[in-house]
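Summary of the model geometry
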Amino acid sequence: MSKPILWIVIPCYNEEQVLPITAPLFLKKINDLSAAGLISEKSRVLFVNDGSRDGSLNILRRYADEDARIQVIDKANGGVSRARNDALDCARGEYIMFVDSDDWVEPDACENAVNAMREYDADIVMWSYVSETENRSSRKVIFPETTVFEKEEVRAKLHRRFVGAMGEELSHPELVDSLCPVWGKLYRRSLIQKSGARFVDLAEIGSYEDGFFNLEVFGKADRVVYLAAYLYHYRRDGSSSVTSGYNPRLYDQWQTLYDRMEAIIRSNQLGSEYEAALNNRIALGILGLGLNITVSTQPMGKKVKDIHRIIRQERYRKAYKNLPLNYFPIHWKLFYGCARHGFAFGVYVLLTVIQRIISR
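These notes cover the structure that comes with them. (Residues numbered from 1 in each chain as written. Predicted model: local features only at pLDDT ≥ 70, side-chain atom pairs only at ≥ 80, totals over all residues. Heavy atoms only, no water.)

**Brief notes about the overall build of the chain**
Along the chain, the regular secondary structure elements total 14 helices and 10 strands. Rg of the C-alpha trace for the chain: 21 Å, near the compact-globule value of 21 Å for 360 residues, within the 12% margin. Structurally, the chain occupies a C-alpha span of about 60 × 45 × 35 Å along its principal axes. The buried share of the chain, taken over its 360 residues, is 53%. A sequence separation of at least 24 residues applies to 78% of the contacts in the chain between residues at least 6 apart. In the chain, the 48 positive side-chain charges and the 46 negative ones have mean positions that sit 5 Å from each other. (Helix = DSSP H or I, 4+ residues; strand = E, 2+ residues; numbered from the N terminus. Rg over C-alpha atoms; globule rule 2.2 N^0.38 Å. Buried < 20%, exposed > 50% of the residue type's maximum accessible area, 1.4 Å probe, protein only. Contact = heavy atoms within 4.5 Å. Lys, Arg positive; Asp, Glu negative; His and termini not counted. Charge placed at Lys NZ, Arg CZ, Asp CG, Glu CD.)

**A few points about the pattern of salt bridges**
Taken as a whole, this structure holds 20 salt bridges when the rule is applied. In this structure, the salt-bridge partner of Glu41 is Arg69, at a minimum N-O distance of 4.0 Å. Remark: Arg69 occurs in the loop between α2 (56–66) and β3 (70–75) and Glu41 occurs in the loop between α1 (19–35) and β2 (44–50); sequence separation between them is 28 residues. Overall, Glu41 belongs to the exposed group, its relative accessible area being 53%. As a salt-bridge pair, Lys302 and Asp306 come within 3.0 Å of each other at their nearest N and O atoms. Of this pair, Lys302 and Asp306 both sit in helix α11 (residues 300–311), four residues apart, which is roughly one turn of that helix. Lys302 sits in the partly exposed class, given a relative accessible area of 35%. Connected through shared salt-bridge partners, Glu41, Asp67 and Arg69 make up one network. (Salt bridge = Lys/Arg side-chain N within 4 Å of Asp/Glu carboxyl O.)

**Thoughts on the packing of aromatic side chains**
Inspection of every chain in the model, using the stated rule, returns 18 aromatic pairs. Their ring planes at 80° and their centres at 6.2 Å tell us that Phe98 and Phe213 sit as a pair that is edge-to-face. One end of the pair, Phe98, is in strand β4 (residues 95–98); the other, Phe213, is in helix α8 (residues 209–218), with 115 residues separating them in the sequence. The same class applies to Phe98 as to Phe213, namely buried. An angle of 5° between the planes, with centres 4.0 Å apart, marks the rings of Phe199 and Phe213 as stacked. In this pair, Phe199 sits in the loop between α6 (189–195) and α7 (202–205) while Phe213 sits in helix α8, placing the two residues 14 residues apart along the sequence. Here Phe199 and Phe213 have matching classes, each one buried. Three or more aromatic residues link up through ring pairs in this structure, and these residues are Phe98, Tyr187, Phe199 and Phe213. Between Arg84 and the ring centre of Phe199, over which it is positioned, the NZ or CZ distance is 5.1 Å. (Phe/Tyr/Trp six-rings, centres within 6.5 Å; stacked < 30°, edge-to-face > 60°. Lys NZ or Arg CZ within 6 Å of the ring centre and 35° of its normal.)

**Section: the nonpolar core**
By size, the foremost hydrophobic cluster in this structure holds 81 residues, and its most contacted members are Met126, Phe213, Val224 and Tyr336. By residue number, the principal contributor to this core is helix α10 (residues 272–294), which donates 11 residues. The residues touching Met126, leaving out its near neighbours within four places in the chain, are Phe143, Phe149, Leu158, Leu179, Gly184, Lys185, Phe218, Val224, Val225, Tyr226 and Leu227. Counting residues in each nonpolar core, the second largest holds 38 residues, with Cys12, Leu27, Ile39 and Ala122 among its members. (Core = buried A, V, L, I, M, F, W, Y, C linked by side-chain atoms within 4.5 Å.)

**Remarks on the pairing of β2**
A regular strand places its side chains so that they alternate between the two faces of the sheet. Where burial is concerned, most of β2 is hidden: seven out of the seven residues are buried. Burial along β2 is two-sided: Arg44, Leu46, Val48 and Asp50 facing one way and Val45, Phe47 and Asn49 facing the other are all buried. The pairing of strand β1 (residues 6–12) with β2 spans six bridges and is classified as parallel. Within the sheet, the bridge partner assigned to Val9 lies in β2 and is Leu46. (Pairing = 2+ DSSP bridges.)

**Considerations on unusual backbone geometry**
As a rule of thumb, non-glycine residues mostly have phi less than zero, and peptide bonds are mostly trans rather than cis. Even without a glycine there, the phi angle at Asp121 is positive, about 50°. The topology assignment puts Asp121 in the loop between α4 (109–120) and β6 (124–132). Judged by relative accessible area, which is 51%, Asp121 ranks as exposed. One non-glycine residue, Lys151, lies in the positive phi region at around 40°. Tracing the backbone shows Lys151 in the loop between β8 (147–150) and α5 (152–158).

**Quick notes on a nonpolar patch on the surface**
Together, Met300, Phe343, Phe345, Val349, Val353 and Ile357 make up a nonpolar patch on the protein surface, roughly 530 Å² of accessible area in all. If one sorts the elements of the nonpolar patch by residue count, helix α14 (residues 344–359) sits on top with four residues. Locating Phe343 in the fold gives a position in the loop between α13 (330–340) and α14. (Patch = residues over 30% accessible without salt bridge, like charges linked within 9 Å, V, L, I, M, F, W, Y side chains within 5 Å. Areas by Shrake-Rupley, 256 points an atom, 1.4 Å probe, with all protein chains shown as cover.)

**Thoughts on the side chain of Ser128**
You can see Ser128 is positioned in strand β6. Only 2.3 Å separates the side chain of Ser128 from the side chain of Tyr226, close enough to count as a polar contact. Setting aside its immediate chain neighbours within four residues, Ser128 contacts Lys140, Val141, Ile142, Tyr226, Leu227, Ala229, Tyr230, Leu231 and Tyr232. (Polar contact = N/O pair within 3.5 Å; in protein donor to acceptor, adjacent residues only side chain to side chain.)

Below, the structure written as structure tokens:
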């Protein structure tokens, strides 16, 4: 069996403080994998400098001059989606792994992922992660044990989740999208090519670019392996969260996201379960939209009016009507119950409490 070529894609924007750690770390991982006979010496670390204004590009070029396995794409700032798409256009080889420049992986992460990919002849290997903040680490459990998903199981237990949650999954709304990040996975590059998947610009859909990419990719996967191991550390500083700053376009952007999901469901004839899952996503989305409104500088009366306008909109009314509240913990039942009955002031009060909890 020939040695596969692994490309590790790392978009960078103003990361001169972490790059002296990141670049040598991933070169060492490639060295270890090559020495173990798991990947080819032609494997690469591909950094995309997304218009950094600090010394990131100079650092990357210096590393690239020292080791031919480091490649650098230098481009004008266009956001993480465009950076990853540029990397996909450039990448070669058999496997692709995405890493964010300020995160880190366990020493054996690449080895475990490549071993599983080859052992099971998988299309995708995924794993659990640790959410890292300044004050604490929180392990995110996606599935309780290592599992191999085959064909219809991929559709029923994985692919549909990128549209939205169903049944018992609604018991923990805060974990609904724990499956979606691309940095928790190793992909067969031919699968990405087959799916035609691209990362959608956040300016268009507001958020969830990873989940939408996976919705397209997992739709073409026949075998996916989940490793019950915490191989990735995701650093959270709140800067990318909808709760960190007001986005006046978020409502319209999420409508575009939902429209795109509806189009995929229709064109692929995915059926009523996917439609119900999307309805649930739309209903749950009032939390993000509401938190976005609460952090604006508008007076309270205007905030309540904006919340009322959203929860009375037909798309949301339809979603709430079919949202099964019986799966929710009591505090979520109260929140979504207020939304379902059009009690905008109650939604606002609960959102301010949630905002205070998040900000601690």
